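# Report on the structure
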Amino acid sequence: MTKSYVTTPIYYVNAAPHLGHAHTTVMCDIMIRNRKANGVETRFSTGCDEHGQKNQESAEKLGLPVDEYLDLRSSEFKKAFDLLNVDYDYFVRTSRPFHKERVAQMEQSMMDAGLIIKKEYSGIYCKGCEQFKTDSDLNDDGQCFDHPNLFVEEITEANYFFPMEPFRQRLLDHIEANPDFVQPQKFLTELKNMLKEPLEDLCISRPKSRVTLGVELPFDKDYVTYVWFDALINYLTNLGWPENDYQEYWAEVEHVIGKDILKTHGVYWPIILMGMGETLPKKLSVHGHWLGAGGVKMSKSLGNVVDPLEVVEKFGADALRYYLARHMRAENDSQISVELIQTAYNGELGNKVGNLLSRAAKFASDRLDGKVPAKGALTVEDEAARATALAAAEKFAEVFTLAEISSRTEALIQAADELNTYFTEQAPWKLLKDPETEARGQTVLYVTLDSLRVLFEAFRQIIPESADKALAILGCPVSDAEAWKPSLDRLAESKEFGEVLPLFPRVV
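First things first, this report covers the structure right here in the doc.

The rules behind the values
Residues numbered from 1 in each chain as written. Predicted model: local features only at pLDDT ≥ 70, side-chain atom pairs only at ≥ 80, totals over all residues. Heavy atoms only, no water. Helix = DSSP H or I, 4+ residues; strand = E, 2+ residues; numbered from the N terminus. Rg over C-alpha atoms; globule rule 2.2 N^0.38 Å. Buried < 20%, exposed > 50% of the residue type's maximum accessible area, 1.4 Å probe, protein only. Contact = heavy atoms within 4.5 Å. Areas by Shrake-Rupley, 256 points an atom, 1.4 Å probe, with all protein chains shown as cover. Polar contact = N/O pair within 3.5 Å; in protein donor to acceptor, adjacent residues only side chain to side chain. Phe/Tyr/Trp six-rings, centres within 6.5 Å; stacked < 30°, edge-to-face > 60°. Lys NZ or Arg CZ within 6 Å of the ring centre and 35° of its normal. Pairing = 2+ DSSP bridges. Salt bridge = Lys/Arg side-chain N within 4 Å of Asp/Glu carboxyl O. Axes fitted to C-alpha atoms, helices over the stretch in contact; angles between N-to-C directions. Parallel < 35°, antiparallel > 145°, perpendicular 65-115°, else oblique. Left-handed = near helix turned anticlockwise from the far one by under 90°. Nonpolar A, V, L, I, M, F, W, Y, C, P; charged D, E, K, R; others polar. Bend = angle between axes of the 7 residues up to and from the residue.

## Observations concerning the overall build of the protein chain
Assigned secondary structure in the protein chain consists of 18 helices and 16 strands. Here the C-alpha atoms of the protein chain give a radius of gyration of 26 Å, agreeing with the 23 Å that 2.2 N^0.38 yields for 508 residues. Over its C-alpha atoms, taken along the principal directions, the protein chain stretches across nearly 90 × 45 × 40 Å. Scored against the burial criterion, the 508 residues of the protein chain give a buried share of 54%. Across the protein chain, every contact between residues at least 6 apart in sequence was considered, and the portion connecting residues at least 24 apart equals 77%. When the accessible surface of the protein chain is summed, it comes to about 21700 Å², and 49% of that surface belongs to carbon and sulfur atoms.

Quick look at the structure:
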């Protein structure tokens, strides 16, 4: 892999950023940091979907002009991602003229090719999804699975449609030829099940009598584009499609999505691309959802909603980034709460990582005139501690998948835990008291601090702000100018420490 293009979905701005937005975006950021560290040229996009009925109604409820509302909400998302240290290349706003022009260009081309037809249609419509639903999309009460509290309604109206059934077998053939097209395997199986039966035509328009916030159809000014037919094109327009050598990154695109939008990205989008004559995405990486403590779906009425900005304010961005990386399981939903985040922050980051750095660096600084200790002959115990740290860090010296983030983050914490045990058993504070064992005490301190340095270099991909603070304490900053390779003994003997400050101050 020499190039990589990673995308989040673009998020509806009908409400403020929530935990799901934070999770997907931070996971993409971790993947991008990992690939950059391994010498891959990257592009990373996130942003906002500003069209559709829900956004229009939200602006009306607040009594704001639509443009002012979109500016307000999009700035909230941008601020949230900036606070979480997300290093994106493109922040999408579908209201920008270039995107709208390209959507209209795509639609006109497909209309000219006979791929868009107009017909009258009667169907069950869910306002929450902004989609027409089939019987299989509804629960036993006739309500949408994703929006059971919103009443669906039967609508009869004339609209424009894109027939998807002619492309279904081609998509199945592509999946068969590309077994990694969707990961993890559970969601690939789910996608195949979606494609077992013939596909209905996709309604790609909405009459302006119902919604005006969207891209006007170039061939009929009385309609705007259905939001999903508009939004998905952002993945291409970010790259300057159809010009600007977009293919060099498009060939390596990986869409990271929540399981709830598998159908739009795994069925609609590939078939739209086939209609456009474009190559399909290289990969869809899918993740589950976060549940409140006890495995209960988050709900404001239950008081178990986790606000990412409140977490950042209380614990810092890296506390949330760490929890999201460490505690999400790829194929299943996972639990989260402020209490669980606090436990992980204090117990894992604080006790196992931050406190060891503070103890070892402060001890060495106080006893050795603020300088890095000297390394002497190494024992079996020393070599084992070093090898454990290096092995954990080396898991970040290769490109990993979304599903591997949790286990690799866990390996860093386990290595830090073992390093704590080594430090306690070797007791350098005792060794330094006796002139005959002082050299041995310095070696233990060196091994501890140099092993921590290796771990923090890897941690830069997960908790970049805290990792760089730790490396500044050790006087070993890492350059992003070249590919990173973990190695031992880079801690320069006799070099002065930076100011030893608490890395993860305890929060009660």
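After that view of the structure, there is still more to cover.
## Description of the side chain of Arg35
Note that Arg35 resides in helix α1 (residues 19-37). Engagement of the side chain of Arg35 in a polar contact is seen with the side chain of Ser4, the distance being 2.6 Å. Residues in contact with Arg35, not counting those within four places in the same chain, are Met1, Ser4, Val6, Val40, Thr42, Glu254, Val399 and Phe400.

## Focus: the packing of aromatic side chains
With the rule as written, the count across this model stands at 17 aromatic pairs. With a centroid separation of 5.3 Å and an interplanar angle of 85°, the aromatic rings of Tyr160 and Tyr223 are classed as edge-to-face. Remark: Tyr223 occurs in strand β12 (residues 220-225) and Tyr160 occurs in strand β7 (residues 153-162); sequence separation between them is 63 residues. Take Tyr160: its relative accessible area is 6%, and that puts it in the buried class. Of the aromatic side chains, those joined through ring pairs into one cluster are Tyr11, Phe77 and Phe81. The aromatic ring of Tyr249 is capped on one face by Lys3, whose charged end is 5.9 Å from the ring centroid. It is Lys119 that lies over the ring of Phe161; its NZ or CZ is 4.8 Å from the centre.

## Quick word on the pairing of strand β14 (residues 283-287)
Of all the 5 residues making up β14, 5 are buried; the element is thus mostly covered by neighbouring parts of the structure. The side-chain alternation of β14 yields two buried faces, one formed by Lys283, Ser285 and His287 and the other by Leu284 and Val286. Where strand β8 (residues 182-183) and β14 come together, 2 bridges link them in parallel fashion. Bridging across to β14, Val182 finds its partner in Leu284. Where strand β13 (residues 253-258) and β14 come together, 5 bridges link them in parallel fashion. By the bridge assignment, Glu254 is partnered in β14 with Lys283.

## Describing the side chain of Thr7
Residue position: Thr7 is located in strand β1 (residues 3-7). Judged by relative accessible area, which is 0%, Thr7 ranks as buried. Apart from the residues lying within four places of it in its own chain, the contact partners of Thr7 are Cys28, Ser45, Tyr235, Val253, Glu254, His255 and Val256.

## With respect to the pattern of salt bridges
Under the counting rule described, the total for this entry stands at 34 salt bridges. For Asp71, the salt bridge goes to Arg93, with nearest N and O atoms at 2.8 Å. Of this pair, Asp71 sits in helix α3 (residues 66-83) while Arg93 sits in strand β4 (residues 90-93), placing them 22 residues apart in sequence. Residue class for Asp71 comes out partly exposed when judged on its relative accessible area of 41%. Several salt bridges share partner residues, and in doing so they unite Lys375, Glu383, Arg386 and Asp489 into one network.

## Digging into the packing of helix α13 (residues 338-367) against helix α17 (residues 438-459)
Relative orientation of the contacting elements α13 and α17 amounts to 140°, with a least axis distance of 10 Å. With respect to α17, the element α13 is oriented oblique. Crossing geometry of α13 relative to α17 is assigned as left-handed. For the pair formed by α13 and α17, the contact residues are Val353, Leu356, Leu357, Ala360, Ala361, Phe363 and Ala364 on the first element and Leu445, Thr448, Leu449, Leu452, Phe456 and Phe459 on the second. The residue makeup of the contact of α13 with α17, split by class, is 12 nonpolar, 1 polar and no charged.

## Points about α13
Maximum bend of α13: about 50°, positioned at Gly350. In the stretch just after α13, Asp369 is the one whose phi turns positive, near 55°.

## Quick word on the sheet that holds strand β10 (residues 205-207)
Strand order in this open sheet of 3 strands is β10-β12-β11, and the pairing throughout is antiparallel. Taken across any chain shown, the strands that pair with only one partner, and hence form the sheet edges, are β10 and β11 (216-217). Here β11 runs beside β12; their pairing, made up of 2 bridges, is antiparallel. Counted as the bridge partner of Leu217 is Asp220 from β12.

## Here's the deal with the environment of Pro207
On the secondary structure map, Pro207 appears in strand β10. With 50 residues separating them in the primary sequence, Pro207 and Glu157 have C-alpha atoms 8.4 Å apart. Beyond its immediate chain neighbours, meaning those up to four positions away, Pro207 contacts Glu157, Asn159, Asp222 and Tyr223.

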